[in-house]
Amino acid sequence: MARRANFKTGNREPETLRPRRKTRRYARQRRGGAAILLATGLALALPAGAPAQDQTQDWQPVLQPSQSGDYWTPNDPIAIFIPPELPIEVLQNLALELDNFDVTSLIQREGDFALLRLPEPLAPGEHQLRLVEYGQDGSITERGFWTFEVRKNAAFQNVEANANVAFDGTRILTGDNLQGADDNIFQSGGEGRIVVQEGNWSASTQANYLYDSRDEQSLTGREADLGEYLTTLSFQSDDLSSNARLGHHDIGANDFIMSDFYRRGLSLDIGSADSAVQVTGFALSSQALLGVERISGIEDPDDRVQGAHVRLRPIDSLRDNLELTGTYYLGEKTDTFDNDFDIEFDDAFDVEERSDGSGFAVAADSLWFGERLRLRGEFSRSRFDLDGAGGAVDPETDEAYSALANYAILQNELVDELPLNWNLGIQHERLGTFFGSVANPFLIGDRITTTLFSDVTWDTFAFQAQAGHQTNNVNSLDGLPRDRTLNLFLNGSYAIFPGPEEEPLPEWLGLPSLGLSFSIVDIDQTDRPDDFIGEAESQTISSTASFSTSYDTWSWYLSETVSSVNDTLGGDGDTLGFLTSLGSQFLVGDRVSLAPYTQWSLDENQNLNDTVHTWLVGFGAGAEILPSVLSTNLNYSYSHARGAQNTLDTHIFGGELLWTFLQAEQNQPGMAFALSGTIQESHGSAILSTQDRVYQVFLSLKTTLPASY
């Protein structure tokens with residue numbers, strides 16, 4: 001049942017209150033004209049010849065019930081009855097506050113009522129309305145005070161639903177059928193979300209779907225299928241916070257054992273409302289899943305990760321400065337690779353890989369000295385079996401730890417009236433040779449890494465620097481080499497935007513921006529066993545400079561990248577590369593845009609005396625023939641490659657004509673016809689000469705529907 005609104009008329013006797021700083025400000029605003037609007041509007045409603053009696057001691061306003069009687073909906077107007085016999089001197093001294101904000105200027109007159117219509121819907125929940133009268137002596141008299149509830153409907157305090165759906169039906173009119181046997185292709189995709197709230201409880205569901213009439217092209221092998229989804233049930237009170245989730249989500253752990261592990265599954269967290277403690281239990285699929293199969297994600301025990309994550313802020317005085325976390329997991333994973341050779345016994349080529357493991361991680365993250373200094377430390381231990389139970393390789397136990405210190409040397413320091421920030425940090429990590437986790441599959445183990453980093457930002461200037469030292473074979477295993485990697489990365493950017501009081505730039509320069517980057521990676525084997533086969537020593541250097549600028553109707557950019565690889569062992573790996581890019585964009589009137597570009601590259605193997613030149617030119621064009629109704633876009637590219645043993649020329653042309661005969665609006669579908677096509681022609685010469693031309697023309701009906709409630 002809906003909770004009855006607690007709106008009261010005359011629930012307090014007229015009360016003289018002490019002036020508050022906030023209400024003095026409101027009084028100044030009122031004297032500036034806000035309350036005059038109220039007074040003028042209501043004065044017009046006074047009957048002719050109404051007596052100007054002094055009613056300032058005993059009159060009371062009346063809040064009118066809403067249309068539902070028990071609650072207000074977010075868009076309902078708020079009406080207050082004001083006695084018509086009040087003199088204008090009283091009306092001029094009235095002000096209305098909603099949730100402690102002055103809304104006097106939003107009041108409109110309607111008969112004997114002051115009508116409040118807000119520019120934005122009121123949020124669901126309880127609100128307070130207060131009508132006050134300012135006295136000539138500076139006193140404030142409260143004439144009315146009401147609390148009322150805003151609800152979406154009688155059943156739920158708040159209900160929101162929205163969806164976006166798109167559908168394309170395509171017919172191949174002519175050309176080479178590269179899409180498959182069907183000349184008609186139907187595709188659709190969309191997403192939707194529903195949120196329901198009542199009191200301390202809330203629930204939400206969001207999901208997307210995929211449809212492709214060519215089941216062999218779909219991500220799950222079925223024409224229509226569920227994509228990702230998430231259902232959440234939450235309870236929030238003054239003391240407790242809890243959430244239950246089913247579907248695709250990440251529990252928020254960020255450590256060596258589990259990081260960015262976004263999977264389908266189930267989790268439940270419960271904790272205090274002040275975030276002092278939170279405990280999360282989880283069971284997630286170890287693989288990325290789509291579709292209706294394994295709908296919960298945790299049906300298969302051979303493909304499941306389960307455990308718990310704890311987050312603590314144990315010291316009240318350091319609630320925002322110290323956080324302790326702990327993670328424990330236990331899981332298995334099975335990967336199947338299908339080598340399909342289209343022969344009767346192709347199943348014999350299926351390869352199944354299994355892995356399992358367990359582990360824990362504990363970490364402390366803290367901020368000190370006005371949040372300038374961040375200190376973080378972590379220790380993790382894993383038990384990882386690369387080929388699963390019963391495999392040829394025994395499980396291994398190993399450890400990992402990290403330490404991070406980051407200090408804000410300058411934090412929003414004003415230099416030339418602009419904020420300057422400068423951070424400096426160092427991080428040290430050690431991951432054992434056998435450290436691994438099913439819940440962090442992209443983790444790179446077997447390394448000791450020390451990294452120095454710094455970044456500076458000032459207005460539109462930004463600079464980042466990072467230098468690192470890394471070695472492998474951290475367990476000093478016999479028979480394995482020790483590799484040492486040094487790396488340096490620098491990146492800077494600057495854009496020039498003169499302020500209104502600064503001297504403008506020359507017109508020919510436009511509004512320019514610059515970018516520079518440099519990186520070097522040096523790999524050396526510092527310890528190599530005599531009987532070890534395979535060597536890796538190289539130095540890779542890359543640098544890029546870019547410039548761009550914009551004018552009123554056009555812009556252009558230029559970038560140059562130079563890269564080299566030096567095989568320090570004297571092999572055939574010495575290469576040198578250049579890449580030059582130049583492009584621009586033009587606006588021709590209000591409806592036409594052009595974007596020509598060109599790119600040239602050179603790749604040279606200095607040991608083999610083999611050089612490949614590649615030249616690419618192209619353009620894109622778009623035009624609104626009838627604004628919001630008829631538009632077109634075209635694109636063309638030509639690539640020309642020359643090498644020691646082959647040449648290749650490729651022309652690609654494509655375009656689309658779009659007629660939107662029904663504009664999409666909220667809860668109203670949009671529909672458009674599209675005529676599109678592509679043609680590609682290639683000429684090549686190598687050991688065998690090649691010549692190929694393919695083209696296609698399509699007619700599509702595109703439908704979109706944005707819906708909300």
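Basis of the calculations
- The residue numbers shown here count from 1 along each chain, following its written sequence.
- In keeping with the predicted nature of the model, local features appear solely for residues at pLDDT of at least 70, side-chain atom pairs appear and are counted solely at 80 or more, and the whole-chain, interface and lining totals rest on all residues.
- Water and hydrogen atoms play no part in the side-chain values, which are based on all heavy atoms of the structure.
- Where helices and strands are cited, they refer to DSSP runs of H or I of at least four residues and of E of at least two residues respectively, numbered from the N terminus.
- Think of it in three bands: with a 1.4 Å probe and only protein chains considered, a residue is buried below 20% of the maximum accessible area for its type, exposed above 50%, and partly exposed in between.
- Whether two residues touch is decided by their heavy atoms; if any such pair falls within 4.5 Å, the residues are in contact.
- Surface exposure here means Shrake-Rupley accessible area, sampled with a 1.4 Å probe, where a residue is shielded only by the protein chains that are shown.
- Geometry of aromatic contacts follows a simple scheme: Phe, Tyr and Trp rings, the Trp one being its six-membered ring, pair when their centres are within 6.5 Å, and the pair is stacked under 30 degrees between planes, edge-to-face over 60, tilted otherwise.
- Should the NZ of a Lys or the CZ of an Arg lie within 6 Å of a ring centre and within 35 degrees of the ring normal, that charge is described as sitting over the ring.
- Here a patch means residues that are over 30% exposed by relative accessible area and free of salt bridges, tied together within 9 Å if like-charged and within 5 Å if nonpolar (Val, Leu, Ile, Met, Phe, Trp, Tyr).
- For this analysis, a salt bridge means a side-chain nitrogen from Lys or Arg found within 4 Å of a carboxyl oxygen belonging to Asp or Glu.
- Only four residue types enter the charge count, namely Lys and Arg as positive and Asp and Glu as negative; His and the chain termini do not.
- Where a charge lies is defined by one atom per residue type: Lys uses NZ, Arg uses CZ, Asp uses CG and Glu uses CD.
- The nonpolar core is taken to be a set of buried Ala, Val, Leu, Ile, Met, Phe, Trp, Tyr and Cys residues, with the residues joined through side-chain atoms within 4.5 Å.
- Cavities and pockets are defined on a 1 Å grid built over the protein atoms alone: a cavity is a set of grid points where a 1.4 Å probe fits but cannot escape, while a pocket is an open set with protein on both sides within 12 Å along at least five of seven lines, and lining residues are those with an atom within 4 Å of any such point.
- Grid points are joined across faces, edges and corners, and a volume is the space filled by probe spheres set on the points.
- Polar here means any residue outside two lists: the nonpolar Ala, Val, Leu, Ile, Met, Phe, Trp, Tyr, Cys and Pro, and the charged Asp, Glu, Lys and Arg; Gly therefore counts as polar.
- Any two strands are treated as partners once DSSP identifies two or more bridges connecting them.

(A) Highlighting the overall build of the protein chain. Within the protein chain one finds two helices and 35 strands. Across the 709 residues that make up the protein chain, the buried fraction comes to 33%. A separation threshold of at least 6 residues defines the contact pool for the protein chain, and within that pool the share at least 24 residues apart is 55%. Entry remark: accessible area of the protein chain is about 39900 Å², with carbon and sulfur atoms responsible for 55%.

(B) Up close: the packing of aromatic side chains. In the structure shown here, the tally under the stated rule is 15 aromatic pairs. Between the aromatic rings of Phe 360 and Phe 379, the centroid separation amounts to 6.2 Å while the plane-to-plane angle is 55°, which identifies the pairing as tilted. Of the two residues, Phe 360 sits in strand 19 (residues 351-368) while Phe 379 sits in strand 20 (residues 373-385), which places them 19 residues apart along the sequence. A ring pair is formed by Tyr 551 and Trp 554, whose centres lie 4.6 Å apart and whose planes are at 10°; its orientation type is stacked. The exposure class assigned to Trp 554 is partly exposed, which follows from its relative accessible area of 33%. Three or more aromatic residues link up through ring pairs in this structure, and these residues are Tyr 551, Trp 554 and Phe 586. Lying over the aromatic face of Tyr 709, Lys 152 brings its terminal NZ or CZ to 5.3 Å of the ring centre.

(C) Up close: a negative patch on the surface. A cluster of acidic residues, Asp 182, Asp 183, Asp 215, Glu 216 and Glu 223, forms a negative patch at the surface. Exposure remark for Glu 223: the relative accessible area of 36% places this residue in the partly exposed category.

(D) Expanded view of the nonpolar core. Counting residues in hydrophobic clusters, the biggest one holds 22 residues, and the most contacted among them are Ile 78, Ile 82, Leu 96, Leu 116, Leu 129 and Phe 148. Counting only elements with at least two residues in this core, the list comes to strand 3 (78-81), helix 2 (88-91), strand 4 (94-98), strand 7 (113-116), strand 8 (125-134) and strand 9 (140-150). Leaving out residues up to four positions away in the same chain, Ile 78 has contacts with Leu 63, Trp 72, Ala 114, Leu 115, Leu 116, Leu 122, Leu 129 and Phe 148. Ranked by size, the runner-up nonpolar core spans 17 residues in total, among them Ala 253, Phe 256, Phe 282 and Ala 361.

(E) Geometry of the environment of Ser 550. One can find Ser 550 in strand 27 (residues 538-550). Sequence-wise, Ser 550 and Gln 585 are 35 residues apart; in three dimensions their C-alpha atoms are separated by 9.2 Å. Those residues in contact with Ser 550 that lie beyond four places of it in its chain are Gly 510, Leu 511 and Ser 555.

(F) The arrangement of the layout of surface pockets in detail. As a volume, the largest pocket reaches approximately 330 Å³. What lines the largest pocket is a set of 17 residues, and nearest its centre among them are Ser 355, Phe 384, Leu 386, Ser 437 and Pro 441. Sorting the residues of the lining of the largest pocket by element identifies strand 18 (322-337) and strand 19 as the ones contributing at least two each. Sorting elements by how many residues they give to the lining of the largest pocket places strand 19 first, with three residues. Across the lining of the largest pocket, the residue classes break down as six nonpolar, six polar and five charged. Approximately 240 Å³ is the volume found for the second largest pocket. Along its surface, the second largest pocket is lined by 14 residues, and Leu 418, Asp 459, Tyr 494, Phe 497 and Glu 502 are the ones closest to its centre.

(G) Summary view of the pattern of salt bridges. Overall, the coordinates contain 27 salt bridges when judged by the stated rule. A salt bridge links Glu 293 to Arg 222; its shortest N-O distance comes to 3.3 Å. Taken together, the residues span a long stretch of sequence, with Glu 293 in the loop between strand 16 (277-285) and strand 17 (304-312) and Arg 222 in the loop between strand 12 (201-212) and strand 13 (224-236) at a distance of 71 residues. The exposed category is assigned to Glu 293, whose relative accessible area is 53%.

(H) Main features of the side chain of Ser 559. The residue Ser 559 is located in strand 28 (residues 554-567) in this model. Accessibility expressed as a relative area gives 19% for Ser 559, which makes it buried.

(I) Seen up close, a nonpolar patch on the surface. A contiguous nonpolar patch, built from Leu 173, Ile 625, Leu 626, Val 629, Leu 657, Trp 659, Phe 661, Leu 662, Phe 673, Leu 675 and Leu 699 and spanning about 900 Å² of accessible area, is present on the exposed surface. Mapped onto the nonpolar patch, the elements with two or more residues apiece are strand 31 (610-626), strand 33 (647-662) and strand 34 (670-685). Here Leu 662 is to be found in strand 33.

(J) Examining the pairing of strand 11 (residues 184-198) more closely. Summarising the sheet, strand 10 (residues 158-175) and strand 11 pair through 14 bridges and their orientation is antiparallel. When the sheet's bridge partners are listed, Ala 161 is paired in strand 11 with Ile 194. Alignment of strand 11 against strand 12, held across 12 bridges, turns out to be antiparallel. What sits directly across from Arg 193, in strand 12, is Gln 206. The loop that links strand 11 with its antiparallel partner strand 12 comprises two residues; one of these, Gly 199, has a positive phi angle of about 60°.

(K) View of the sheet that holds strand 2 (residues 62-63). Across the sheet, which stays open at both edges, the four strands sit in the order 2-3-7-6 with antiparallel pairing between neighbours. The open sheet terminates on both sides in strands that have one partner only, identified here as strand 2 and strand 6 (107-110). As paired strands, strand 3 and strand 7 are joined by four bridges and run antiparallel to one another. When the bridges of strand 7 are listed, Ala 79 appears paired with Leu 115.

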